[in-house]
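Commentary on secondary and tertiary structure
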Amino acid sequence: MTSVRINRMFFLLVCCLLAFTGMQAQEDRRIFYTFDASMGLADNSAQTLMCTKTGRMVISTIGHVNFYNGDAFTHIDPQPEDVFPLPKYNGHYHLYFDTHHHLWLKDKRSVTCVNLLSEHFIQDIGGVFRELGMLRPVDDLFCDHNNHLWLLSGSMLYGVDDHVNVPVSSSSELQDIDVYNHRQLLQFYANGRVSAYDLKSGRHLYDADAFADNDSVKYSASSVLCADKNHYYQIRNGEKSAVLLLFDTELRTWKRLLTMPYHLNNMEIHDGKLFIASEYGYWTYNVTSGDTEHIEYLKLTGGRRLLTDVNTVAFDRQGGMWLGTEKRGLLYSKPYASPFFCYTWDDPEAMRYSRKLDELLPPSESLGRHVNCKLVDSRGWTWTGLYTGLQLVKSDGKSSYLFTKRDGLLNEMIHSVVEDDQHDIWVSTSFGISHLFIREDSVYHVESYSARDNVPNESFVNGRAAKLGDGTIVMQALDHVVVFNPSHFHSDLMSKMVIYPKLIKVMINGHFVSFGTKIDNKVMLDRAVSRTYEIVVDYSQNSLSLTFSALNFMRPLQTFYRYRVKGLDNQWCVLSYYNSNGLVDSNGLLHVPLLGLSPGTYTIELQSSMDPEVWPYDPYVWNIVVKQPWWRATGVYILLGFLIVSLLALNFFFYNRNMRLSMLRHVEEDDILKRLRAYAKNCEAMLADANLPVSTSAAVVAEQDESADQFVEAMLKIIPYLREHEDRPVSLRRLSELTGVETSQLIKILSDNFYKSPQHVAVRLKALLDESPSAS
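As the structure is a computational prediction, the values presented were derived from the model and not from experiment. (Residues numbered from 1 in each chain as written. Predicted model: local features only at pLDDT ≥ 70, side-chain atom pairs only at ≥ 80, totals over all residues. Heavy atoms only, no water.)

1. Considerations on the sheet that holds strand 54 (residues 620–626)
The strand order across the open sheet formed by five strands is 48-54-53-50-51, and the pairing between neighbours is mixed. Strands at the two margins of the open sheet, each flanked by one partner only, are strand 48 (534–537) and strand 51 (573–575). Strand-to-strand, the axes of this sheet are offset by a mean angle of 20°, without reference to chain direction. In this structure, strand 50 (residues 560–566) lies alongside strand 51, joined through three bridges in antiparallel fashion. Along strand 51, the bridge assignment pairs Y561 with L575. (Pairing = 2+ DSSP bridges. Helix = DSSP H or I, 4+ residues; strand = E, 2+ residues; numbered from the N terminus. Axes fitted to C-alpha atoms, helices over the stretch in contact; angles between N-to-C directions.)

Here it is, written out as structure tokens:
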């Protein structure tokens, strides 16, 4: 019986060791990439780190807030007037997001606030509190896991979003809060006590103490809280030591999980594990089994090992792990361990796999000029590695195609070709390894792997590649041997990952613009670039370039975009790094040039994916509005139309009036000419009368005045002219020229004297005739 028990205990011990070894191997496979100040990070001391809902990473360094969009870091710096005092906060950096588009960063009795709509620090934080309904002095602030904001003032805690006031104990410092199950407000104090209150009524429900001894003072310096269903994990730090606690809200009990002689800084739950940042690497705690693991040394690219303190830990939307260190910047690890094992020649594994290649590969033979390798696969297709790409000739001998960088290869110098168990093709090049997916008798997709996937950045050796009996593929490079098993790749999982596009840069007429940037005295963006979905420009600002990021931190080269521009070409196109002629760069960013746009509205519809055939959501939409020039604006056209109509109306009015006046003038002129001809005939009739007196009678002379004299003088010239033009038309203008009197004056003279006797004119005319030579 004793032997059986010993065997069972031994078996359990072996199982535990194997499980621990498996976990250790999983974490040991993590390889971290470094991001530091040389890449744009404001400082190498990353204090807090969080992933936003849209997928961007937000990092607080000492005195800065940084944003990372997959390509570059941007940062904003607070000014002294941006800092608001928090008298009751004694901890270090603590980052919150609330539901009002604010980012709050607390540190040592102070807080700063970033307006996420503009990505600028807010100067009047007191004004923000007043807008949120808090008129009393604010001593501290918190956000629960729903991002609801809570403000501490004196002995009352005010829920901005929940509209409730809850009392706070004065016996100890309030260090953390959270809302459990939308019903209970939990208050965590410096002495290790948690107090629960009913969220609606504010009624006190219960207290639970984590410590029953002097530990309540020992671990009272600071607190970090992490919620997981009905459990709360809490890190409590003392002067030089720390403890990790678990509070069960259903049982209302505390449990101590870890006690460390150094500080634990932060924690995050991911895939059933609690990741805990510490002064020496990080810890993991399996929330199901309770197993712990300490990863003290971190593996970096190139095989280096790093011992460093870790301030904070976070996971992005793809599951990638981010660590913020005190002096080493940011460290990033992909969600899946690289399936590529890379051995240098001083590693016995490299020599072992090299000997396997010697056994499996036939003796080398001459393949012809510019041919590095050749393979006939199970389908009878012939694959030839050339200097200029990978040539495929199908079994019929007629179908031929040359795969190049445009199809997805990172390099066109092909050194070896291997067929895997799924009958896909793998090739090694002078820069990376490529996988050709074959479905339904054709290559439908190519994925390439480089140094970011643990593939050495060096040339491979011609023909030195083979598949082992278990499906493992071995490829020999100049200084390494690369080993991988295609069945261990996560291609299906990665293709199902959803990535969303984000606008990260805007260039207008060659100038990068951001919130508040002015061009020609006009503010171009009234929001941060990442929050902008409509851009309005003048007709002279019609050359734009927009840059989008899919926030694909894991494999930026495997980023595909599907987009169209409605109003321009309206055609959908799918682009990647390999086929876009530079529109998608090596960091997975899409650059959309919009040059010389005509006035109008243009709509960009955009999707992003890690699989060119999977588009899991409706397109995101951005609108570009190019305004009409002022002389083509609708208001100007309306005004111009009004002016034209007004001018036409005025023209019609004056034309009509002039026509009437002209008709009246013609009628009047005809009347005057008729009377004039009649008057002239009367004068001529008197001339023919033998009884015409020689001189004018005294009565007639008495009627004469200046106007009459002018009339007589004019008629003496007009009557002979009318006699000569008796059968031709005569105008008053011609008579005016004849008499030397203006037309209007002539009309007046004639009108004033037509009623008078023509005797005086006839006498004068006869006298003139008698004096003329023809009379003699």
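2. Some thoughts on the pairing of strand 39 (residues 433–439)
Counted residue by residue, strand 39 has six buried out of seven residues, so it is predominantly covered. Examined bridge by bridge, strand 38 (residues 425–429) and strand 39 share four bridges and lie antiparallel to one another. If you follow I425 over to strand 39, its bridge partner there is L436. Taking the residues between adjacent antiparallel strands as the criterion, strand 38 and strand 39 are bridged by three residues, where G432 takes a positive phi near 100°. Joining the antiparallel neighbours strand 39 and strand 40 (residues 442–449) is a turn of two residues, in which E440 adopts a positive phi near 55°. (Buried < 20%, exposed > 50% of the residue type's maximum accessible area, 1.4 Å probe, protein only.)

3. Observations regarding the sheet that holds strand 15 (residues 174–180)
Overall, antiparallel pairing links the four strands, which are arranged 15-16-17-18 in an open sheet. Edge positions in the sheet fall to strand 15 and strand 18 (204–209), since each of these pairs with one other strand and no more. In this sheet, neighbouring strand axes are inclined to one another by 20° on average, regardless of whether the strands run parallel or antiparallel. Taken together, the five bridges between strand 16 (residues 184–189) and strand 17 (residues 193–198) define a ladder with antiparallel strand orientation. Following the sheet pairing, F188 is matched in strand 17 by V194.

4. Some details on the packing of aromatic side chains
Scanning the entire structure with this criterion turns up 40 aromatic pairs. Aromatic ring contacts, followed pair by pair, group Y33, F35, Y68, F73, W322, Y332 and F553 into a single cluster. We note R352 situated over the ring of Y353; from NZ or CZ to the ring centre the distance is 4.6 Å. The residue whose ring lies beneath R379 is W381, and the NZ or CZ to ring-centre distance is 4.6 Å. (Phe/Tyr/Trp six-rings, centres within 6.5 Å; stacked < 30°, edge-to-face > 60°. Lys NZ or Arg CZ within 6 Å of the ring centre and 35° of its normal.)

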